[in-house]
Amino acid sequence: MDQAPGSRQDDAQSGLPVCYRHPDRETGIRCTRCERPICPECMVSASVGFQCPNCVRDGSGTGHAPGASQPRTLAGGTIAADPLLVTKILLGINVAMFVLQQALGDSFTDRLDLIGRAFMPALGYGELQGVAEGQWYRLLTSMFLHGSVIHILSNMLSLWWIGGPLEAALGRVRYLALYLVSGLAGSALTYLIAAPNQASLGASGAIFGLFGALAVLVRRQRYDMRPVIALLVINLVITFGWSGISWQAHIGGLVAGVVIGFGMVHAPRERRALVQFGTCAVMLVVVLVVTLLRTAQLT
C-alpha cells in the first residue's frame, strides 16, 4: 500500500536518527565501530552487532576499522603493554635532575628553579633574573628539581602510588598532559602570589594535580572516597602546617588537576578528545594569562 502524503514527515518527527548513507531512512541501529546510524541495507554482520560499509571497506576485510580493535582506557586512551611507562620516565627524569643538582651544586639549581625577579650575584650575573625577565622556562624546569633527599623521596613515592593507576585509567598522552599542565598551574600560582625573590622548586604542584584527578576518577567509578580524602587532607595539613613549603604550588596544581580530571573522565564519548584536550588548553591559557599579569606587575 502506498503511503499517504505527509506520512514521511510524520515519521521524521519520531525522534529516530536517519541512516548516514540514506538520509530518507530512519533506523535504530548503529555501527558497532563508528556508531553512525545504519539502515538494514547498509548493515554488515560482524562478530558482535553490525558494522557500516565504510568500516568494513577501510578495515582489514574482517569488518574492523583501522585501530578499532585496540582496547581503550576509561578516558579513551590506548591501552599500552606497559601501563606505567610514562610514570617510570617521569621518575627517571626527576631522579636524574636531582643527581645533577648534587653533582653540580647550587649554581645549577639556581639557574632552573622558580623565581619571580631577583638579583642573583652568586651566579655571576649583574642583572635581574627570573620569570619576569623572560626566563619562562623556570615555570617548567622547577617542576623537576628538589631541595633534599626527603623532598624527592616523598614526591616520587606519591608519583608512583598515584601516577600508576591514573596512567592506566587515562592512557599515556592524557596522563602526561595532566601532569605537565597541573605542574605549570602550580608554578603560575606560585609566581603570582609568592614574593618575587623567593625561590621555589619541586614536583609537588604536579603531584597535587594527580591527587585532584584521582579524586575525580574514584568518584566517577563509585569507589570508596574515604582513603583518597584522608590522604589529601593529610597532605594539605602538611602543606599549611610546615614552614618552607610552597602552598601556592600545591593549591594551583590541585585545582588544575580537579578541572582536568573532570574533563578527562566525564567527556562525552562522541567528542571526547575535543573536550579532554580542550580542557588542558583552557588551563594553559589561564597559566599564560596569570604569568603575563604577574610579569606586568613586576616590570
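This is a predicted model, so every value here is computed, not measured.

Novice: Got a sec to walk through the packing of aromatic side chains? Specific residues and values, please.
Specialist: Evaluation of the coordinates by the stated rule reveals one aromatic pair. Taking NZ or CZ as reference, R36 lies 4.2 Å from the ring centre of Y20, over its face.

Novice: Outline the confidence of the model for the protein chain, listing residues and values.
Specialist: The pLDDT averaged across the protein chain works out to 84; a share of 87% of its residues lies at or above 70. Contacts of residues 60–69 to residues separated by more than four positions or lying in other chains number 18 contacts, the stretch itself having pLDDT below 50.

Novice: Hey, could you go over helix α8 (residues 204–220) for me, with residue numbers and the actual values?
Specialist: For α8, which comprises 17 residues, the first-to-last C-alpha distance of 24 Å matches the rise-based estimate of 24 Å (1.5 Å per residue) to within 8%. Most of α8 sits inside the fold, with 15 of its 17 residues counted as buried. The first or second residue beyond α8 is R222, which carries a positive phi of 60°.

Novice: A description of empty space enclosed by the protein should follow, citing residues and the corresponding values.
Specialist: In this structure the tally under the stated criterion is one cavity of 30 Å³ or more. Of the voids in this model, the largest cavity is the one considered here, and its volume is about 40 Å³. Forming the walls of the largest cavity are L114, I115, G116, T190, Y191, A194, A195, P196 and Q198. Each residue belonging to the lining of the largest cavity can be placed in one class, and the counts come to six nonpolar, three polar and no charged.

Novice: Please set out unusual backbone geometry residue by residue, giving values where relevant.
Specialist: Positive phi is not limited to glycine here, since E35 has a value of about 70°. Locating E35 in the fold gives a position in the loop between α1 (7–12) and β1 (44–45). The backbone of R222 sits at a positive phi, close to 60°, despite the residue not being glycine. When you line up the elements, R222 lands in the loop between α8 and α9 (226–241). A residue is classified by how much of its surface remains accessible, and R222, at 77% relative accessible area, is exposed.

So, how was this worked out
- Residues numbered from 1 in each chain as written.
- Predicted model: local features only at pLDDT ≥ 70, side-chain atom pairs only at ≥ 80, totals over all residues.
- Heavy atoms only, no water.
- Phe/Tyr/Trp six-rings, centres within 6.5 Å; stacked < 30°, edge-to-face > 60°.
- Lys NZ or Arg CZ within 6 Å of the ring centre and 35° of its normal.
- pLDDT = per-residue confidence, 0-100.
- Contact = heavy atoms within 4.5 Å.
- Helix = DSSP H or I, 4+ residues; strand = E, 2+ residues; numbered from the N terminus.
- Expected span 1.5 Å × (residues − 1).
- Buried < 20%, exposed > 50% of the residue type's maximum accessible area, 1.4 Å probe, protein only.
- 1 Å grid on protein atoms, 1.4 Å probe; cavity = no way out; pocket = protein on both sides within 12 Å on 5 of 7 lines; lining within 4 Å.
- Points joined across faces, edges and corners; volume = space filled by probe spheres on them.
- Nonpolar A, V, L, I, M, F, W, Y, C, P; charged D, E, K, R; others polar.

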